[in-house]
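Understanding the architecture of this molecule
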Amino acid sequence: MKKSLKLAVAASVLATPAMAANLENPLYMPTSGEFYSKTTAGLMLKVADSSDAHIAKEHDGATEFPIWRVQEDLGIGITDRIAIRGAFQYTYDGDIDRQGMNHGRLGLIWRAIETSDDIVLDIYADAHLGGINKMRGSFDFTNKVFNYDNYSNGRWGVDAGVRFGKTWSKLTTSAFVEVLQTFGSSNNVIGISNPLLAAAGVPEEISVDLKSTTEVNFGLNAFYQLDDRWSFGAGFKYNHHADNGVKGLATDIDWITPASDGVKPRVESLIASLADMDDGFDEYIITLSAANQITDNVQVAVYGEYTFDDAHAQSQNGTDVKAEVGVRLNLRF
């Protein structure tokens, strides 16, 4: 009897680290010197909503499929309570000829509180890497809309937030809230193709000074460790994407007269009308996942994600349907 009790206790002790190290756990934190990688490949379906911008482009109700998305999350433990981490996502949407990095951040996370009854509080700060690539696109003078070539906003910024939660045996619940502050810049290239503008001295490509923005995100997660192999997750996330705004032209234009006499005021009026672009949107994302621990260091997860959104009149990101399925490979060294 005593021998059986000792074996049970030993098995319990050995099982605890494996469960705690599950990379699908929303409170996962690498230990000192531990490196992790989470590589996600997703396939998305979108149906555009009836925003003014989509109607102007005759794209309202249009289906975009397939949209390919690849994300890499990685990090390394500096101590058992401090880690460096990064996340990078690339999207390709052939239906609207739009592709590029749509998400990037790199920073530090600190486990500020960890109690004996498995309550934790993490504080983190990340550099927002929207400035790695210029925002690129072209302005359609016929429909008065901007056609995007990539997903970058061209702005650098800072993400700061807190993550907290508690584990009850096999169940972990958590929440996070964060603020993203981006810094206005002219890191963009806008194609202009118009004979009147060219005659007035406007170059074929210009850049504008974009305003800074403040955005807020928060989320809730539940995670259940069924046994040492299988685990399941569910989550809800809210993302607020602020309206963009143009402060003015960043490109110096050598206006040619008399051709510019009637064109210059129209250009200045157009720039002024973009002070508030009314292109913000809010996302409400629901996620479900299941994961299998193949070895101590290799895990495979499948997930499904559905997004409800509420887009402003000039947003080109609003949808009637937005669904994604995918697979994730998690590695730990």
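Nothing here was measured: the structure is a model prediction, and the numbers come from that model.

Here's the deal with a negative patch on the surface
A cluster of acidic side chains, namely D80, E114, D117 and D118, defines a negative patch on the protein surface. Mapped onto the fold, D118 is located in the loop between β4 (98-114) and β5 (119-128).

Considerations on the side chain of N187
Summarising the element assignment, N187 is placed in the loop between β9 (171-182) and β10 (188-191). Accessibility expressed as a relative area gives 18% for N187, which makes it buried. Within polar-contact distance, the side chain of N187 engages the backbone oxygen of G131 at 3.1 Å. With near-sequence residues (within four places) excluded, N187 lies in contact with G131, N133, K134, M135 and G154.

Focus on the sheet that holds strand β7 (residues 145-148)
Pairing is mixed in the open sheet, where 4 strands are placed in the order β7-β6-β10-β11. Only two strands of the sheet have a single neighbouring strand rather than two, namely β7 and β11 (205-206). With 4 bridges connecting them, strand β6 (residues 135-140) and β10 associate as parallel partners. The residue bridging R136 from the neighbouring strand is V189, located in β10.

With respect to the sheet that holds strand β16 (residues 281-293)
Reading around the circumference, β1-β2-β3-β4-β5-β8-β9-β13-β14-β16-β17-β18 is the order of the 12 strands in this closed barrel, with antiparallel pairing throughout. If you compare each strand with its neighbour and ignore which way they point, the axes differ by 20 degrees on average. Where strand β3 (residues 82-93) lies against β4, 12 bridges are found, and the strand directions are antiparallel. Looking across to β4, one finds that F88 is bridged to G104.

Focus on the pattern of salt bridges
A complete count under the given rule lists 11 salt bridges for this structure. The residue E178 makes a salt bridge to R105 at a minimum N-O spacing of 3.2 Å. Linking E178 in strand β9 with R105 in strand β4, this pair joins segments that are 73 residues apart in sequence. Residues E178 and R105 agree in their burial class; the two are buried. Linked by salt bridges that have partners in common, R85, R105, D126, D159 and E178 make up one network.

As for the pairing of β10
Neither face of β10 is open: one carries N188 and I190, the other V189 and G191, and all of them are buried. Of the pairings in the sheet, the one linking β10 to β11 comprises 2 bridges and is antiparallel in character. The residue bridging I190 from the neighbouring strand is I206, located in β11.

Let's talk about the pairing of β9
In terms of strand pairing, strand β8 (residues 157-168) meets β9 through 12 bridges, oriented antiparallel. Its bridge partner being in β9, V162 is matched across the sheet by V177. What sits between the antiparallel neighbours β8 and β9 is a turn of 2 residues, in which S169 has the positive phi angle 50 degrees. Here β9 runs beside strand β13 (residues 213-225); their pairing, made up of 12 bridges, is antiparallel. Paired with Q181 across the strands is T214, a residue of β13.

Each value, and the rule that gives it
- Residues numbered from 1 in each chain as written.
- Predicted model: local features only at pLDDT ≥ 70, side-chain atom pairs only at ≥ 80, totals over all residues.
- Heavy atoms only, no water.
- Patch = residues over 30% accessible without salt bridge, like charges linked within 9 Å, V, L, I, M, F, W, Y side chains within 5 Å.
- Areas by Shrake-Rupley, 256 points an atom, 1.4 Å probe, with all protein chains shown as cover.
- Salt bridge = Lys/Arg side-chain N within 4 Å of Asp/Glu carboxyl O.
- Lys, Arg positive; Asp, Glu negative; His and termini not counted.
- Charge placed at Lys NZ, Arg CZ, Asp CG, Glu CD.
- Helix = DSSP H or I, 4+ residues; strand = E, 2+ residues; numbered from the N terminus.
- Buried < 20%, exposed > 50% of the residue type's maximum accessible area, 1.4 Å probe, protein only.
- Polar contact = N/O pair within 3.5 Å; in protein donor to acceptor, adjacent residues only side chain to side chain.
- Contact = heavy atoms within 4.5 Å.
- Pairing = 2+ DSSP bridges.
- Axes fitted to C-alpha atoms, helices over the stretch in contact; angles between N-to-C directions.

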